[in-house]
Amino acid sequence: MKETLLLKTGLECSDEWRGEFERFGLEVREWRARGDLRGIDYALVWAPHAGVLGACPNLKIIFSIGAGLDHLRGENVVPPGVPVVRMVEPMLTAGMTEYVLFHTLRFHREMPQFESEQRERSWRQRQPRPAAQRRVGILGLGELGAASARALVTLGFDVAGWSRSEKHIDGVRSFFGAAQLPELLARSEILICLLPLTAQTENILNAENFARLPKGAYLINAARGRHCVEEELLAAMESGQIAGAALDVFQTEPLPETSPLWAHPRIYVTPHIASITLPQTGAAHVCENIRRFRAGRALTHAVDLARGY
Ligand code: NDP
Ligand code: OXD
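Report on the accompanying structure. (Residues numbered from 1 in each chain as written. Chains lettered and ligands numbered in written order. Predicted model: local features only at pLDDT ≥ 70, side-chain atom pairs only at ≥ 80, totals over all residues. Heavy atoms only, no water.)

## Considering the sheet that holds strand β7 (residues 158-163)
Across the sheet, seven strands lie side by side as β8-β7-β6-β9-β10-β11-β12; this open sheet has parallel pairing. Edge positions in the sheet fall to β8 (172-176) and β12 (267-269), since each has one partner strand and no second. Put simply, the sheet's adjacent strands are angled 15° from each other on average, direction ignored. Alignment of strand β6 (residues 135-139) against β7, held across five bridges, turns out to be parallel. Looking across to β7, one finds that Val 136 is bridged to Val 159. Along the sheet, helix α7 (residues 230-238) contacts β10 (217-221), β11 (242-247) and β12; its crossing angle with β11, the most-contacted strand, is approximately 145°. (Pairing = 2+ DSSP bridges. Helix = DSSP H or I, 4+ residues; strand = E, 2+ residues; numbered from the N terminus. Axes fitted to C-alpha atoms, helices over the stretch in contact; angles between N-to-C directions. Contact = heavy atoms within 4.5 Å.)

This is the structure:
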């Protein structure tokens, strides 16, 4: 008998995922038509409602459709004892690297300034600064942060990163642990946040840390909205401490129509699309883990939800 995968994507791409899993030999059950939960073997989900996964008595693995795991938090969302695997797939990483490169280059080459000069029909030539003289700091040097760091090094930027443990990435200066955060911030003219959302990282983009950045720094937040205290960011932009920001994620999503972030002249808003798991490559990661499970081998990218990432 075929095994069944319960699918809740959060986006309008269920058919593509379904096709991939059916080719692999799984039956796919959509979340909204989930029926008898005894028949569910695997679940691939984004923000599942509390109580549902725990009511699947034969569930073998829960796959997060995203890299982040915060959507699985909350009482009764993930039943104890069922392994959880997070999403790590090459196109998710590539998409984030593109997003980071785009915004880093945009700030580095002063494009927001040139865009505003264009609107004024103002022709002001100036010498661009070499990338080697631009200090970029990345909060989080995991799958996504490390890939972005490598790409920025290739372009010649002066790159440093911050993580819990020390990293050894060619051309990237490693800062680690809470004690070294101020030093990383003090050198970051462009600060990129690619941290997971945990109790330790929530609100990390706050007034105190903005004040540690060089004056006129830029912020790129592609991690989670709850990393950033939005009111304190607006204040730091008002004072000129932060010159510009690219925000893909927000405290409340969708970003409310009334939010001042939408119309801020120096904030670039995107609707949580910095990178999105691609069904083809994402399904390959899921299927590989199912194969491993069936063969009794260790899963890849299984996570400890208690650690938070
Ligand atoms: P990883 O788990 O691979 O990496 C997390 C990194 O953060 C690690 O380097 C880790 O350090 C570091 N870290 C965690 N906690 C701390 C801490 N308290 N202090 C210092 N460093 C810390 O995650 P990914 O790179 O795969 O993803 C990062 C996040 O990006 C996701 O959690 C998600 O929220 C976000 N994301 C956003 C997307 C979007 O479209 N906007 C798309 C995909 C992901 P160490 O290595 O030492 O453990
Ligand atoms: C993710 C996301 O965590 O898309 O993958 O935000």
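## Comments concerning the site of ligand 1
Residues in close proximity to ligand 1 total 29 residues, the closest being Arg 86, Ser 165, Lys 167, Ala 222 and Tyr 309. Within the backbone of Gly 142, an N or O atom sits 3.0 Å from an oxygen atom of ligand 1. The backbone of Ala 222 places a nitrogen or oxygen atom 2.9 Å from a nitrogen atom of ligand 1. Listing elements by their share of the shell around ligand 1, those giving two or more residues are α4 (143-154) and β7. Here the shell around ligand 1 takes three residues from α4, the largest share from any one element. Class assignment of the residues belonging to the shell around ligand 1 gives a composition of 13 nonpolar, ten polar and six charged. (Near = heavy atom within 4 Å. Polar contact = N/O pair within 3.5 Å; in protein donor to acceptor, adjacent residues only side chain to side chain. Nonpolar A, V, L, I, M, F, W, Y, C, P; charged D, E, K, R; others polar.)

## A few points about the pairing of β10
Counted residue by residue, β10 has five buried out of five residues, so it is predominantly covered. Because side chains alternate across β10, one face comprises the buried residues Ala 217, Leu 219 and Asn 221, and the other comprises Tyr 218 and Ile 220, equally buried. Each parallel crossover has a hand, and the one from strand β9 (residues 190-193) via helix α6 (residues 207-212) to β10 is right-handed. The pairing of β10 with β11 spans five bridges and is classified as parallel. Counterpart to Ala 217 in the pairing with β11 is Ile 242. Between the parallel pair β10 and β11, the chain is carried across by α7, and the sense of this crossover is right-handed. (Buried < 20%, exposed > 50% of the residue type's maximum accessible area, 1.4 Å probe, protein only. Right-handed = clockwise from strand over helix to strand, strands pointing away.)

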